[in-house]
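# Chain and residue survey
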Amino acid sequence: MKKNLRNHGLNNGCNPVGIPKATPATGKNRVAPVDNIYCPNCGCKELMQVEVAVENRMLNGGTGVGYYLGCPACPWASPMMAIAMQQKDSSEEAEA
Ligand SMILES: [Zn+2]
């Protein structure tokens, strides 16, 4: 069976919604507490940290924010870590 490289570690109950925001996973914004992270599939050393709103009934309130690492050079993505969080409504987003 072929392994799906970009399933984000999610089961069918968790759906990314909205537009993902990607930032370099190295440097001051890095999410991984190590210096030399690289793609386990292709070896690329420029992984991106991706943040995306998710819906999952397992999360308190049903919505949250998911974080994962993604490779810009191949389909690999790490499992997602989802944090329960009330989604902002449009009036709160306008202030940001
Ligand atoms: Zn890769």
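Scroll up a little and you will see the structure.
Read on for a plain summary of the structure. Here the structure is a predicted model, which means the values were calculated and not measured.

Moving on, we come to the sheet that holds strand 3 (residues 63-70). Remark on secondary structure: sheet strands pair via backbone hydrogen bonds, oriented parallel or antiparallel. Pairing in this open sheet of four strands is antiparallel, and the strands run 1-2-3-4 from one edge to the other. Either end of the sheet is taken by a strand with one partner, and the two such strands are strand 1 (14-24) and strand 4 (81-84). Put simply, the sheet's adjacent strands are angled 25° from each other on average, direction ignored.

With respect to the helices and strands, Thr-26 occurs in the loop between strand 1 and strand 2 (48-56). A residue is classified by how much of its surface remains accessible, and Thr-26, at 33% relative accessible area, is partly exposed.

Distances from the zinc ion to its protein donors, namely Cys-39 (SG), Cys-42 (SG), Cys-71 (SG) and Cys-74 (SG), fall within the range 2.3 to 2.4 Å. Its four donor atoms give the zinc ion angles of 103 to 115° at the centre, a pattern that matches the tetrahedral case. In the primary structure, the donors to the zinc ion are separated according to the pattern C-x2-C-x28-C-x2-C. Taken together, the positions of Cys-39 in the loop between strand 1 and strand 2 and Cys-71 in the loop between strand 3 and strand 4 put the pair 32 residues apart, joining distant regions of the chain. This pair shows no difference in class: Cys-39 is buried, exactly as Cys-71 is.

The rules behind these values
Residues numbered from 1 in each chain as written. Predicted model: local features only at pLDDT ≥ 70, side-chain atom pairs only at ≥ 80, totals over all residues. Heavy atoms only, no water. Pairing = 2+ DSSP bridges. Helix = DSSP H or I, 4+ residues; strand = E, 2+ residues; numbered from the N terminus. Axes fitted to C-alpha atoms, helices over the stretch in contact; angles between N-to-C directions. Buried < 20%, exposed > 50% of the residue type's maximum accessible area, 1.4 Å probe, protein only. Donors = N, O, S within 2.8 Å, 3.2 Å for Na, K, Ca; no water. Tetrahedral: all angles 85-135°; square planar, octahedral: opposite > 155°, others 65-115°.

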